[in-house]
Amino acid sequence: MYHIIMNPGSKSGKGMSIWQSLESILSERKVSYQLYESTHIGHVTELVRQITSTGRPANLIILGGDGTVNEALQGIENFELVSIGYIPTGSSNDLARALKLSADPKELLLHILEESNPHMIDLGILTYESNADVTSRLHSHPTHRSRYFIVSSGIGFDAAVCEEALSSPIKNALNKLRLGKLTYLCIALKQLFAAKAISCEITLDGSETIYIPKLLFTALMIHPFEGGGFCFCPQADNQDGLLDLCVVGDLPKLLILFALPTAFFGKHYLFPKISHYTASAVQLKTSAPLWVHTDGEVYLKSDWISVSCLRQRIRFLV
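Residues numbered from 1 in each chain as written. Predicted model: local features only at pLDDT ≥ 70, side-chain atom pairs only at ≥ 80, totals over all residues. Heavy atoms only, no water.

Undergrad: I'd like a description of the nonpolar core, backed by residues and values.
TA: Judged by nonpolar contacts, the single largest core of 44 residues is most densely connected at Leu-63, Ile-150 and Phe-316. Filtering out sequence-adjacent residues up to four positions away, Phe-316 remains in contact with Ile-84, Tyr-86, Leu-95, Leu-99, Pro-118, His-119, Ile-121 and Ile-150. Among the nonpolar cores identified, the runner-up in size contains 26 residues, and Ile-202, Ile-210, Val-247 and Leu-284 belong to it. (Core = buried A, V, L, I, M, F, W, Y, C linked by side-chain atoms within 4.5 Å. Buried < 20%, exposed > 50% of the residue type's maximum accessible area, 1.4 Å probe, protein only. Contact = heavy atoms within 4.5 Å.)

Undergrad: Run through the packing of aromatic side chains, naming residues and quoting values.
TA: A full pass over the atoms with the stated rule returns 6 aromatic pairs. Between Phe-79 and Tyr-148, the aromatic rings sit 5.1 Å apart at their centres with planes inclined by 80 degrees, giving edge-to-face as the arrangement. Here Tyr-148 lies in strand β7 (residues 143–149) and Phe-79 lies in the loop between α4 (66–75) and β4 (82–88), a separation of 69 residues in the sequence. On the accessibility criterion, Phe-79 (9% relative accessible area) is buried. Clustering of aromatic rings is evident, with ring pairs tying together Phe-157, Phe-217, Phe-230, Phe-232 and Phe-264. The ring centre of Phe-225 lies 5.9 Å from the NZ or CZ of Arg-97, which sits over that ring. (Phe/Tyr/Trp six-rings, centres within 6.5 Å; stacked < 30°, edge-to-face > 60°. Helix = DSSP H or I, 4+ residues; strand = E, 2+ residues; numbered from the N terminus. Lys NZ or Arg CZ within 6 Å of the ring centre and 35° of its normal.)

Undergrad: For the pattern of salt bridges, give the residues involved together with the corresponding values.
TA: This structure, assessed with the given rule, holds 4 salt bridges. Glu-114 serves as the salt-bridge partner of Arg-29, at 3.2 Å between the closest nitrogen and oxygen. Taken together, the residues span a long stretch of sequence, with Arg-29 in the loop between α2 (15–28) and β2 (33–37) and Glu-114 in helix α6 (residues 105–114) at a distance of 85 residues. Among the ionic pairs, Lys-285 bridges to Asp-303, the shortest N-O distance being 3.9 Å. Of this pair, Lys-285 sits in strand β14 (residues 281–294) while Asp-303 is found in strand β15 (residues 297–317), placing the two residues 18 residues apart along the sequence. (Salt bridge = Lys/Arg side-chain N within 4 Å of Asp/Glu carboxyl O.)

Undergrad: Which residues make up unusual backbone geometry, and what values do they have?
TA: One non-glycine residue, Lys-273, adopts positive backbone phi at about 70 degrees. Within the fold, Lys-273 resides in the loop between α10 (253–262) and β13 (274–279). Among the residues examined, Lys-273 registers a relative accessible area of 52% and is labelled exposed. Even without being a glycine, Gln-312 presents a positive backbone phi close to 45 degrees. Assignment of secondary structure puts Gln-312 in strand β15.

Undergrad: Go over the packing of α2 against α6, please, and point to the residues and values.
TA: Running from amino to carboxyl end, α2 crosses α6 at an angle of 40 degrees, the nearest separation of the two axes being 10 Å. In this view, α2 runs oblique relative to α6, as classed from their interaxial angle. Pair α2 / α6 crosses with right-handed handedness. Judged by residue contacts, Ile-18, Ser-21, Leu-22, Ile-25 and Leu-26 of α2 engage Pro-105, Lys-106, Leu-109, Leu-110 and Leu-113 from α6. (Axes fitted to C-alpha atoms, helices over the stretch in contact; angles between N-to-C directions. Parallel < 35°, antiparallel > 145°, perpendicular 65-115°, else oblique. Left-handed = near helix turned anticlockwise from the far one by under 90°.)

Undergrad: Which residues make up α4, and what are the values?
TA: Counting buried positions along α4 yields 10 of 10 residues, so the element is predominantly enclosed. Listing the buried residues of α4 in full gives Asp-66, Gly-67, Thr-68, Val-69, Asn-70, Glu-71, Ala-72, Leu-73, Gln-74 and Gly-75.

Undergrad: With reference to specific residues and values, describe the packing of helix α3 (residues 43–52) against α4.
TA: As a packed pair, α3 and α4 sit with axes 7 Å apart at the nearest point and diverge in direction by 40 degrees. As far as their axial angle goes, α4 and α3 are oblique. Pair α3 / α4 crosses with right-handed handedness. Mapping the contact onto sequence places His-43, Val-44, Thr-45, Val-48, Arg-49 and Thr-52 in α3 and Thr-68, Glu-71, Ala-72, Gln-74 and Gly-75 in α4. Of the residues contributing to the contact of α3 with α4, the split by class is 3 nonpolar, 6 polar and 2 charged. (Nonpolar A, V, L, I, M, F, W, Y, C, P; charged D, E, K, R; others polar.)

Undergrad: So what about a nonpolar patch on the surface? Which residues, and what values?
TA: On the surface, a cluster of nonpolar side chains totalling about 510 Å² of accessible area is made up of Leu-189, Phe-193, Leu-254, Leu-257 and Phe-258. The leading source of residues in the nonpolar patch is α10, at 3 residues. Look at Leu-254 and you get exposed, because its relative accessible area is 60%. (Patch = residues over 30% accessible without salt bridge, like charges linked within 9 Å, V, L, I, M, F, W, Y side chains within 5 Å. Areas by Shrake-Rupley, 256 points an atom, 1.4 Å probe, with all protein chains shown as cover.)

Structural data, given as structure tokens:
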């Protein structure tokens, strides 16, 4: 029995047509399944919580983007009982890029149905302190909450780019032209000149502390790619239990314009003030609240986050 969760609005509304192209395969093979369509933000989390709260093993197939997978993670009650198949229909698809998944949805579905050797993948968990949660601005006191992620988390410039991309008309326009990966590059150039100088303390595994006088952003990666193909951490290994950090400090904005395109090829560490670190647990404290994202989903600004990597916690059918 497969529980198929489909985001009909993904890929600028093409999610439904992709699903329709897959229905016949399930019918021909007489595969038992139940289809769920997400209708609003948070709905995927609600559906997955309902599916996985029975205490029985569950096979999920997700049709959507990285954000849909992220929503699904928040609803899983017991990761040991869940297997996930993923058919990417988003615009950035960094998870699919990292896992080297086929671009053909039919081929992917057949592979998921025949998979007998699941791939165990690391899971990230972000705990944050916030009094500026964009889902509810009524909080008068800081709250502590947690969110899972599977691709990356970040604070600062990269999260600000994600926040704007979520509601940007540029994204829909470029998706229709099959140029969705350029969304993040266009918005990144805009956000670059709006970024303000913020200091940051980064503590690795509770011991080493790094002080960044002027932080542009820190990306905490499980996989090499984020933001539609930026290879911020080419060394990232999704099974080693470690977060790979790309820390960008006080780099002149003109130089960043040259460095940013090189990140598509993982060559940005040639530039000064761009550093790489690894740790299983990281804490960041900034001098002012900055946007924070998990897998490109942005819900808050915070001046304190704690991020950990749970080794090989998710079973993927790839």
